[in-house]
Amino acid sequence: LVLPFLLLVFFLDRNSTNALSFQSPPSRISITTLAASQRQHHIYYDSSNNLHRDIKYHPEQALRIDACVKALQTCELLASSPSKTTKWNLIDAASNEELTEAELTHARDMVVLAHSEEYVSRIERKCRDSKQRRIDDGKPPLGFIGYVDDDTYMTTETYDVCLRATAMWIRAVDHALDGGQRTAFALSRPPGHHATRKLSNGFCFFNFMAAAALHAVARSGVTKLSILDWDIHYGQGVADIVRGNPAIRYASIHQVPAFPFMGETLEVTDNIKTIPIDPGTTWDSNYETQFMEQALPFVVDEDWVPDLVLVSSGYDGMAGDELATSNLVAKDFATMTRLLKERLESYETAGNRSPALMMGMEGGYQLGQNVMGGGLPEGFIETIKALDDVYG
């Protein structure tokens, strides 16, 4: 994920607050949702995520979420669509179902559990203090702070954007667990799976997946949980946080070599399984084999039937993505989703139901039009369509 070209543009003092010359933020997309009694499957997003963005081009940008939302509307997958036959609901956590103070407080508690109070407070103070200095200087509150490493930028709103994203992941977990054949997708940014207990890196500040998993296993009725990470980069942050937790398994299938240059051996260490694939891998040339023979059996088998499966759904493994060199296509994500759900349905938990399923966005940066094999929005839509076929 190293972006050397950015270093030519930014020579930032990491302790300073820089003026922010953003383009105008995208207009908020208005979504109409159904009454609570009519809801089944939910996609959560935060229209204020654009408050975390760079002042120049960066692949981790707010347009990623905009492109996915627009693709959902175009494909008429939402419950508000005239031809809708299933029940997908797009929930804007910054608008039509705002996150409550209780949800945000609990999300912070889970982030602290995943990281530490010192880590979370340091990020919060940096954002709050930088914003207050701007206000004291008569400037707009929103400002660009700088880079915490070569890749990972921060604004005065980064803490709040990431806290809301954590709360959305937790909401999605609860929705998936609380009844029937429902599922949920947290359409959030920035990604989170690289954030370790003590280090922001790889565009990531808070580890949403780890926080959501820790929330889930703290709930009554969740004794086993599996995480499947198909982002093309190894989620070393998730592994760092959940390693040794007897209630959690984590499996990652990822390109090697690639950032973070870890997990380079096919092995199981404690409750963590790393499944490396070579650059240039396609679904037919080894990815399917590794997915079917290595990833899925670790996620669920006769000796480990989880109550909940969480998916770090990254789309940077597609051929056109600028941050990796694997060669998956959009429809491969539909195939993976169907195969995962079919396997889950072949097992029953102690509660006499198939494991619940929740997905959350990680990477995926190809937003070009008419890209051969598809880009981020096409991969996301194929995932939702596959869930629609399974759950509809």
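Everything here concerns the structure above.
Residues numbered from 1 in each chain as written. Predicted model: local features only at pLDDT ≥ 70, side-chain atom pairs only at ≥ 80, totals over all residues. Heavy atoms only, no water.

A.B. asks: Go over the overall build of the chain with me, naming the residues and quoting the values.
C.D. replies: For the chain, the count of helices and strands is 10 helices and 11 strands. Looking at the chain as a whole, 60% of its 392 residues are labelled buried. Sequence separation of 24 or more characterises 75% of the internal contacts of the chain that already satisfy a separation of 6 or more. Of the accessible surface of the chain, which amounts to about 15,000 Å², a share of 50% is contributed by carbon and sulfur atoms. (Helix = DSSP H or I, 4+ residues; strand = E, 2+ residues; numbered from the N terminus. Buried < 20%, exposed > 50% of the residue type's maximum accessible area, 1.4 Å probe, protein only. Contact = heavy atoms within 4.5 Å. Areas by Shrake-Rupley, 256 points an atom, 1.4 Å probe, with all protein chains shown as cover.)

A.B. asks: Now, about the nonpolar core: what can you tell me, with residues and values included?
C.D. replies: Ranked by size, the top nonpolar core spans 58 residues in total, and within it Phe206, Ile227, Leu308, Leu310 and Met358 carry the most contacts. No other element matches the 12 residues that helix 5 (residues 158–177) contributes to this core. Excluding anything up to four places from it in sequence, Leu308 contacts Val173, Ala176, Leu177, Ala216, Lys224, Leu225, Ser226, Ala356, Leu357 and Met358. Grouped together as the second largest cluster of nonpolar side chains are 50 residues, Leu78, Ile277, Val309 and Leu339 included. (Core = buried A, V, L, I, M, F, W, Y, C linked by side-chain atoms within 4.5 Å.)

A.B. asks: Talk me through the packing of helix 8 (residues 283–299) against helix 9 (residues 330–345); I want residue IDs and the actual numbers.
C.D. replies: Where helix 8 contacts helix 9, the two axes come as close as 11 Å, and the packing angle between them is 30°. When the axis of helix 8 is compared with that of helix 9, the two are roughly parallel. Of the two possible hands of crossing, helix 8 and helix 9 adopt the one that is right-handed. For the pair helix 8 and helix 9, the contacting residues are Trp283, Tyr287, Phe291, Met292, Leu296, Pro297 and Val299 in the first and Asp332, Thr335, Met336, Leu339, Leu340 and Arg343 in the second. Tallied by class, the residues present in the contact of helix 8 with helix 9 amount to 10 nonpolar, one polar and two charged. (Axes fitted to C-alpha atoms, helices over the stretch in contact; angles between N-to-C directions. Parallel < 35°, antiparallel > 145°, perpendicular 65-115°, else oblique. Left-handed = near helix turned anticlockwise from the far one by under 90°. Nonpolar A, V, L, I, M, F, W, Y, C, P; charged D, E, K, R; others polar.)

A.B. asks: If you had to explain the pattern of salt bridges to someone new, which residues and values would you point to?
C.D. replies: Pairing between side chains of opposite charge can happen when the charged atoms of each approach one another. Within the structure shown, the criterion is met by 15 salt bridges. Residues participating in the shared-partner salt-bridge network are Arg108, Glu117, Glu124, Arg128 and Asp160. (Salt bridge = Lys/Arg side-chain N within 4 Å of Asp/Glu carboxyl O.)

A.B. asks: Describe the environment of Asn207, naming the residues involved and giving the relevant values.
C.D. replies: Mapped onto the fold, Asn207 is located in the loop between strand 5 (184–187) and helix 6 (208–218). Look at Asn207 and you get buried, because its relative accessible area is 1%. Put simply, Asn207 and Gly235 are 28 residues apart on the chain and 9.6 Å apart in space, counted from C-alpha to C-alpha. Among all residues touching Asn207, those that are not within four sequence positions of it are His115, Gly192, His193, Ala195, Gly237, Val238 and Ile241.

A.B. asks: Describe helix 5, listing the residues and the values that go with them.
C.D. replies: Given a rise of 1.5 Å per residue, 20 residues ought to cover 28 Å, and the 29 Å separating the end C-alpha atoms of helix 5 matches this to within 8%. Burial within helix 5 is extensive, with 19 of its 20 residues counted as buried. (Expected span 1.5 Å × (residues − 1).)

A.B. asks: Explain unusual backbone geometry to me, and be specific about the residues and the numbers.
C.D. replies: Of note, the amide linkage connecting Arg189 to Pro190 takes the cis form, showing an omega dihedral of -5°. Inspection of the secondary structure assignment puts Pro190 in the loop between strand 5 and helix 6. For the bond running from Val256 to Pro257, omega is 0°, close enough to zero to count as cis. Tracing the chain through its elements places Pro257 in the loop between strand 7 (248–255) and strand 8 (267–269). Its identity as a non-glycine residue notwithstanding, Asn286 has a phi of 100°, on the positive side. Of note, Asn286 is situated in helix 8.

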